[in-house]
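Now for the letters of each chain:
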Amino acid sequence: MKPILSFSLLLFFCSSISAGDLKKPNVILVMTDDQGYGDLACHGNPYLKTPHLDQLHSESVRFTDFHVSPFCTPTRAALMTGHYPGRTGAIRTSAGQTMMHPDEKTVGTLFGSAGYRTGMVGKWHLGDNAPHRPQDRGFQDVVWHRCGGIGQASDYWGNDYFDDTYERNGVFEKFEGYCTDVWFREGIRFVEENREQPFFLYLALNAPHGPYRVPEEWAEPYQTNPESRPFANFYGMIANIDHNMGLLRERLDSLGLAEDTILIFMTDNGTAAGAKFKGLDSEAEKGFNAGMRGKKSSIYDGGHRVPFFIHWPKGKLTGGRDIDTIGAHIDVLPTLADLCGVKVPEDYRPDGVSLKPLLDGSGELERTHHFVQFHGGAGNTDPFEAFRNSVVLTERWRLVNAKGEQELYDIEKDPAQRENLAAQNAEKVASLRAEYESFWKSVSPRLKPVYIDLGSDAEELTVLCSQDWFMDRSNPPWNFNSIKKLPKITKPWMVDIKQAGKYRLTLRQWPKEAGQAVVGVKAKVEVAGREAEQNIEPGSTGVVFEMDLPSGPTELWTYIYNEKGAAGGAYFTDVEKID
């Protein structure tokens, strides 16, 4: 018996090692920017041609009722953490509220700690400075542009979608070609370099976000039809994305990786320019929006219901199957972890759930409600308060709180959300409100400022931009159209000085790379209870202060005065520790 027992144990031991050594599936998550549910031919768009995405659609499992946030940053925060955006702190696209609380853990950190090589390419929009950059948040190989769009204020000076300068692992580098082509080229490079080990690639495109610039060859086919002409550049940007998706899938095939790579395609909010609307919340007056009401920045379904395709041949996620159960951005982290056999530590505590039971047919979800809230509303004009700009979603109902009024829609019978049934269904409204109150009680304590590190070992020189001035109403100067007017406004950066000591602060109105002189006669800085001011030398491109600062969280205020004594802020400020 002993030899047989020993042989059995040996077999078990060897099989256990073999199972443990099996390569985990790769993951590629592709997310486009401002492309809506209706901006795909496979979703019924009569003008747009998307053959490669249509093919992926036909070969994938598709969630037909998948929801994100109504605009950029909150979706990205939820996708990275599995948390509702309000819990992360990243709830706006500027105003110092694009960054997540430092204790938030990301899918990059999770998969990196599980032995994956993690890469991030494209648009991040969750903070430009430590500790908020993608390389600070668990991604080991990053190529990205700053700010919320190429050419916006904190992006590298002069970028315009063509032959731009982006940041590779902390160093700026000049790239050749159109931005979307660059992102896919870098994504394929990451795949090629890491094909012998499990990898996680987050490929987040800035297109088709405005400005709507694309090589003419992609827009030209849509110029001839009067129906598509108003959207030609927007459609052209999507056509270019479609072409690049084809190249990516072709390369995965040639490398022998397609079979065991989980490939996801999704978008970050409703359409920005795929149709013409009256305001944010109407149905499409021209163009195509898949029969929904609302666009980007709307809390009606057209603002946050998006495509979600998942394809994994080895995991049998193929065949063109639809799932009509609600899914959401907060579910992506727990779902991918579940599919890849990556344990989610208890301290992650995602709000989302794994969609694996729906994908493999093993069960249903226990979740009965999902919540969307657009904190601050369009233009950041509304207070952060319960119910304001929120939606409670169930499989059948949408309880919408827009403009302070309650609206209830039966989404199964009324997908365009035309008939408000709140008055006839008071009990249902009360029930959904009660569910929302639990959500608000959980999330609202986290609606507080997030700080940028100064004097951090991770970032020797911190370049601050006015897009991150903290404002609880309205938006700061976040693009050069506003900055070039030298608006007489200033607000603070919320900063955390990591080390006490002497700091050099250089106040500018333009990025250093622009080489433009400061327009003003006097400059002042207030930080950590200290204040300093000096006259501005004519022709100076930056006003330099050296100050001894204590450690800890504080506000950094800047002022540049003109001859009449009116002050605007330094829209750019460089900060470095010098002792």
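One can find the structure itself at the top, above this paragraph.
Residues numbered from 1 in each chain as written. Predicted model: local features only at pLDDT ≥ 70, side-chain atom pairs only at ≥ 80, totals over all residues. Heavy atoms only, no water.

Within the protein chain, the secondary structure is distributed over 13 helices and 29 strands. A compact globule built from 579 residues would reach a C-alpha radius of gyration of about 25 Å, and the protein chain, at 25 Å, matches this within 12%. Buried residues in the protein chain amount to 59% of all 579 residues. Put simply, 68% of the contacts in the protein chain that link residues at least 6 apart link residues at least 24 apart. Carbon and sulfur atoms provide 50% of the accessible area of the protein chain, an area that totals close to 22,800 Å². Of note, the protein chain has its 63 positive side-chain charges centred 2 Å away from the centre of its 79 negative side-chain charges. (Helix = DSSP H or I, 4+ residues; strand = E, 2+ residues; numbered from the N terminus. Rg over C-alpha atoms; globule rule 2.2 N^0.38 Å. Buried < 20%, exposed > 50% of the residue type's maximum accessible area, 1.4 Å probe, protein only. Contact = heavy atoms within 4.5 Å. Areas by Shrake-Rupley, 256 points an atom, 1.4 Å probe, with all protein chains shown as cover. Lys, Arg positive; Asp, Glu negative; His and termini not counted. Charge placed at Lys NZ, Arg CZ, Asp CG, Glu CD.)

Our focus in this paragraph is the sheet that holds strand E9 (residues 261-267). If you walk across this open sheet you meet the 10 strands as E7-E6-E5-E4-E8-E1-E9-E13-E2-E14, and the pairing is mixed. Every other strand in the sheet has two partners, leaving strand E7 (171-174) and strand E14 (321-323) as the edge strands with one partner each. Between one strand axis and the next, the sheet turns through 20° on average, direction left out of account. Here strand E4 (residues 117-123) runs beside strand E5 (residues 141-145); their pairing, made up of 5 bridges, is parallel. (Pairing = 2+ DSSP bridges. Axes fitted to C-alpha atoms, helices over the stretch in contact; angles between N-to-C directions.)

Attention now goes to the pairing of strand E1 (residues 26-32). Most of E1 is tucked away, with 7 of its 7 residues classed as buried. Going residue by residue along E1, you find Asn26, Ile28, Val30 and Thr32 tucked away on one face and Val27, Leu29 and Met31 tucked away on the opposite face as well. The pairing of E1 with strand E8 (residues 199-204) spans 5 bridges and is classified as parallel. If you follow methionine 31 over to E8, its bridge partner there is alanine 204.

Topologically, glutamine 55 is positioned in helix H2 (residues 51-59). Its relative accessible area of 40% is what places glutamine 55 among the partly exposed residues. A sequence separation of 274 residues divides glutamine 55 from histidine 329, and the C-alpha atoms of the two residues are 23 Å apart. Among the polar contacts made by the side chain of glutamine 55, one reaches the side chain of glutamate 59 at a distance of 3.0 Å. (Polar contact = N/O pair within 3.5 Å; in protein donor to acceptor, adjacent residues only side chain to side chain.)

In this section: unusual backbone geometry. When glycine is set aside, most residues are seen to have a negative phi, and most peptide bonds are trans. For the peptide bond that leads from alanine 130 to proline 131, omega is 5°, which places it in the cis range. As for its position among the elements, proline 131 is in the loop between E4 and E5. Its identity is not glycine, yet lysine 316 carries a phi of approximately 60°, on the positive side. Counting through the fold element by element, lysine 316 comes out in the loop between strand E13 (308-311) and E14. What makes lysine 316 exposed here is its relative accessible area of 67%. Of note, the phi angle at alanine 528 is positive, near 50°, even though the residue is not glycine. Here alanine 528 is to be found in the loop between strand E24 (522-527) and strand E25 (530-535).

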